[in-house]
Amino acid sequence: MAHATTAVQDQETKLIEELGYDDHFHEHEHGDKFKSNFITKYIFSQDHKMIARQFLITGIIWAIIGAAMSVIFRLQLGFPDESLAWLQPLLGKWIEVDAATGVGKLSQEFYYALVTMHGTIIVFFVLTAGLSGTFSNLLIPFQIGARDMASPFLNMLSYWFFFLAGVVMFFSLFLSTGPFSGGWVAYPPLSVLPQASDGSGAGMTLWLISLTLFVVSVALGGINYITTVLNLRTKGMSMWRMPLTVWAFFITAIIALLSFPVLVSGFLLLMFDRGLGTSFYLNEIFIGGQALDHVGGSPILYQHLFWFLGHPEVYIIILPAMGLVSEVLSTHCRKPIFGYKAMVYSILAIAFLSFIVWAHHMFMAGVNPFISNFFVIFTLIIAVPSAVKVFNWISTMYKANIRYNAASLFAIGFVSMFISGGLTGIFLGNSAIDIQMHDTYFVVAHFHIVMGVAAFFGMFAGIYHWYPKMYGRFMNETLGRIHFWGTLIGAYAIFWPMHYLGMAGVPRRYYRFDSFEYLRPFDDLNQFITIAAIITFFLQILFVVNFFYSIWKGKKMTTKNPWGSTTIEWTTPIEPVHGNWPGKLPTVQRWPYDYSKNGRDFIPQIEPLGPNESEVH
Amino acid sequence: MELTLKQNTGRSKIHPHKFALWVGCASLLMMFAALTSAYIVRQSAGNWLEFTLPEVFKYSTATIILSSIVLHASYIAFKRQNEMGYKVLLVLAGLLGVAFLGLQYQGWVQLMENGVPFTLNPSGDFVYVISWLHAAHVVGGIAILAVAMIHAFGLPFRVTPKRKLRFELSLTYWHFVDALWVYVFFFLTLYR
Ligand code: HEM
Ligand SMILES: [Cu+2]
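In this report, the structure presented in the accompanying data block is examined. Model, not experiment: these values are computed from the prediction.

Observations regarding the packing of aromatic side chains
Residues and elements named next belong to chain A.
Phase 1 of the analysis: In the structure shown here, the tally under the stated rule is 91 aromatic pairs over all chains.
Phase 2 of the analysis: Between the aromatic rings of Tyr-111 and Tyr-511, the centroid separation amounts to 5.5 Å while the plane-to-plane angle is 80°, which identifies the pairing as edge-to-face. With Tyr-111 in helix α6 (residues 108-144) and Tyr-511 in the loop between α16 (477-503) and α17 (523-553), this residue pair connects regions lying 400 residues apart in the sequence.
Phase 3 of the analysis: On the basis of relative accessible area, Tyr-511 is assigned to the buried category, the value being 10%.
Phase 4 of the analysis: Between the aromatic rings of Tyr-441 and Phe-513, the centroid separation amounts to 6.2 Å while the plane-to-plane angle is 75°, which identifies the pairing as edge-to-face. Here Tyr-441, found in helix α15 (residues 441-471), pairs with Phe-513, found in the loop between α16 and α17; they are 72 residues apart in sequence, far enough to count as distant. Accessibility assignment for this pair places Tyr-441 and Phe-513 in one class, buried.
Phase 5 of the analysis: Positioned above the aromatic ring of Tyr-471 is the side chain of Arg-53, whose terminal nitrogen or guanidinium carbon lies 5.6 Å from the ring centre.
Phase 6 of the analysis: Looking at Lys-341, its charged tip hangs above the ring of Trp-240, at a distance of 4.6 Å from the centre.

Below is the structure:
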């Protein structure tokens, strides 16, 4: 076996030698500068491999913070009568301790701040930057055969803008008035009027600054990803030979570049309303019995601008995960991905449709019900390309000789989650059903399963699979599998019951439920969810420990291509080099999914077609 | 800072930096598309103050178009090795850019004097905000032209591929902010 793999490796090296493209790249031209300096190598690095790891580790840290917040507010929801005084050392004045009884309560204001921060952090910092930032950076140059991004410098800036956005948001957590607390969607008037709530003052200002920096980061990254994919593919890498990962990152970047600027425009008007006295979003508001002189604006206008980004944003999150899952599934099923072209076309269809469904978030906000019908139709149509993808993943697995490992398990788990959550989307997409479901836990269940958990699963699949390419070592497989099964069961235990809560009319974003008679019967269910959430949260420690431990102590990678993959990132040396390939660039001879073909386990993309072989698609 | 890696697969027809600029412009365009769409949505909701745009905006539009043409002429002179024409026209384009900002300022003052001060009604505020945002992009463009002038007068005159590329990047951006204003101007004129 060991002998066989070395033979394969030798052959791959020979193929690059013979057929590779000589772009007159000299590794040591700038190499010394890069290797000698700690700052340029680890901090202000312009190497896409390092930037990818920076995005990932920053994302992991934010994930821990964001998830910990949810545990705290789940404690409040599950056990509203228990004392939280023990959290005072961490949360300080946000735990209000009754001097007489010693019972500590989570401040109501801070409860909302936690919910808001949880949403903002997970959606933007973890599942956008941490997921797409990490893997677009890692895989685009690797899989298309480029030395690096089109502009490594802008790429570095992209990370540092993200980092800065994080610093600003983190700082806002420590304001005496607390961070912003009006929900991750930041609807006016809570987001506009500093007097509306504690978090609407300095907290909201920092929130806006942070997210604006974040958009700059996304834009710089996206410009680079698109340019790199279109301009720097190696010889032979036609668009139809790109792995689905690259397709996904590419389309994601296009969506991001077209939708995030719209959010910025929405923010711009918001800033004018906040600071300069305009009334784009405000109309006839009374605060404390006082009428404000803001008239003539429309809060719905903000919702349109927000959701014009907001809906594409959910696909910005899920498409990269879909790309990773397609690749991981095909590799570990040892089968070509089923319906490669259909996969690409469905990504394109989803991307297009994602721009014309945004008002399904506003059915209940007072938009014209006739206009709603238009959005109902397109919302239901978007389920079609989504279903095509699901069908293709299942067909890829069908009768496959699947190698079950942490990576492939998480990819399969992704498919399960995406089905469960996608189906509830179809309920919500009907504006009549949404009258009952809107702003209930049904929506919370829907988007956590289809986006939150599914995207995390795609990310985990990607991390376990490409870890060797990032760190030259493997993560521990046993811990990985425990992590998978625990998280799968835990996630369903948390979010499945929420469907029932939602159908029964339990509203989201409430501090406690017991002041309403009709919500009393759900105390037990809420406790169950909270306990499941705590267990699932602590299970993630397994992953974090595994991740960091393996960087230094994981099993070493001994062959270049441990999974027997066809794609070209696995032809780069184990010990990463600046410019990715030490000599010539590989040239690409075939599509990326030749698994189990002509009696061979796999045929790498760099191997020319045989005399009687035709390229299948 | 320069690219740390020379990448050349010998197949791309357009320089990656140029392509990246186009992509960036598309993204900026979305910002303005969003604002003008918001304008339409808000307008249809009523309570919308009606007024005519100040005349000055017509002159500023002419100025920025002229500036674009002049910069293009400078670029052609540069390619033809005409050092004098290149430098003079470059400076002229920059001055016209500054003049554009001056005229925009006049426009805002006139708007106020015509009884449409800032914060009176969203219909006026949209004009202010959209033209301010555009002006901010022109300021960026003038900064870029200033850098181009520093190169023009600080470096010995030579037509190298690198300097040609740099010029083309500045030119593309300048044409872009020009076209952007023309769009905004016609939009604001037509959707009264
Ligand atoms: C199968 C197609 C899908 C349909 C038909 C659908 C439909 C909907 C609808 C109608 C709502 C609004 C519910 C309400 O507020 O009353 C909603 C909410 C949401 N959906 Fe989906 N969805 C689908 C897939 C997805 C996917 C793939 C994602 C993310 C990856 C996603 C993420 C979200 C999020 C984040 C929200 C809630 C945002 C909030 O209010 O905080 N959905 N979905
Ligand atoms: Cu949506």
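Comments concerning the coordination of the iron atom of ligand 1
Residue and element names in this part refer to chain A.
Phase 1 of the analysis: Of all protein atoms, His-446 (NE2) alone acts as a donor to the iron atom of ligand 1, lying 2.1 Å away.
Phase 2 of the analysis: In this structure, the iron atom of ligand 1 is positioned 4.5 Å from the copper ion (ligand 2).
Phase 3 of the analysis: Its location among the elements puts His-446 in helix α15.

As for unusual backbone geometry
Residue and element names in this part refer to chain A.
Phase 1 of the analysis: That bond from Pro-188 to Pro-189 is cis: its omega, 5°, falls within 30 degrees of zero.
Phase 2 of the analysis: Along the chain, the position of Pro-189 falls in the loop between α7 (152-172) and α8 (202-231).
Phase 3 of the analysis: Residues other than glycine seldom take positive phi values, yet Ser-596 does so here, at roughly 50°.
Phase 4 of the analysis: With respect to the element layout, Ser-596 can be found in strand β7 (residues 595-597).

A word on the interface of chain B and chain A
Phase 1 of the analysis: The partner chain A presents 47 residues to the 35 residues of chain B that form the contact.
Phase 2 of the analysis: Together, the buried faces of chain B and chain A total about 3,600 Å²; carbon and sulfur atoms form 69% of this surface.
Phase 3 of the analysis: For the interface between chain B and chain A, the tally reads zero salt bridges.
Phase 4 of the analysis: At the junction of chain B and chain A, the tally comes to three residue pairs in polar contact (both at pLDDT 80 or more).
Phase 5 of the analysis: Elements supplying a minimum of two residues to the side of chain B that touches chain A: α1 (16-43) and α4 (122-154) of chain B.
Phase 6 of the analysis: Sorting elements by how many residues they give to the side of chain B that touches chain A places α1(B) first, with 14 residues.
Phase 7 of the analysis: A per-class count over the side of chain B that touches chain A returns 20 nonpolar, 11 polar and four charged.

About the cut-offs
- Sequence order as written defines the numbering, with residues in each chain counted from 1.
- The lettering of chains begins at A and the numbering of ligands begins at 1, in the order of writing.
- In keeping with the model being predicted, local features are shown solely for residues with a pLDDT of at least 70 and side-chain atom pairs are shown and tallied solely at 80 or more, while totals for entire chains, interfaces and linings include all residues.
- Only heavy atoms go into the side-chain values, all of them from the structure, while hydrogens and water stay out.
- To pair, rings of Phe, Tyr and Trp, with the six-membered ring standing in for Trp, must have centres within 6.5 Å; the planes then decide the type, stacked if under 30 degrees apart, edge-to-face if over 60, and tilted in the middle.
- The helix and strand labels rest on DSSP assignments: H or I over at least four residues marks a helix, E over at least two residues marks a strand, and numbering proceeds from the N terminus.
- For the exposure calls, accessible area comes from a 1.4 Å probe over protein chains only, and a residue counts as buried if that area is under 20% of its type's maximum, exposed if over 50%, partly exposed in between.
- Geometrically, a lysine NZ or arginine CZ counts as sitting over a ring once it is within 6 Å of the ring centre and also within 35 degrees of the ring normal.
- For Na, K and Ca the donor cutoff is 3.2 Å, while for all other metals N, O and S atoms count as donors only within 2.8 Å; water does not appear among the atoms, so some sites may look incomplete.
- When checking whether two residues touch, look at their non-hydrogen atoms; a contact exists if any pair is within 4.5 Å.
- What counts as buried area is the accessible surface, traced by a 1.4 Å probe, that two parts surrender upon association, with contributions from both included.
- The working definition used for a salt bridge is a side-chain nitrogen of Lys or Arg within 4 Å of a carboxyl oxygen of Asp or Glu.
- Counting of polar contacts relies on pairs of N or O atoms within 3.5 Å, with two restrictions inside protein: one atom must be capable of donating a hydrogen and the other of accepting it, and residues adjacent in sequence are counted only when both atoms are side-chain atoms.
- In the scheme used here, Gly and all other residues not listed as nonpolar or charged are polar, with Ala, Val, Leu, Ile, Met, Phe, Trp, Tyr, Cys and Pro taken as nonpolar and Asp, Glu, Lys and Arg as charged.

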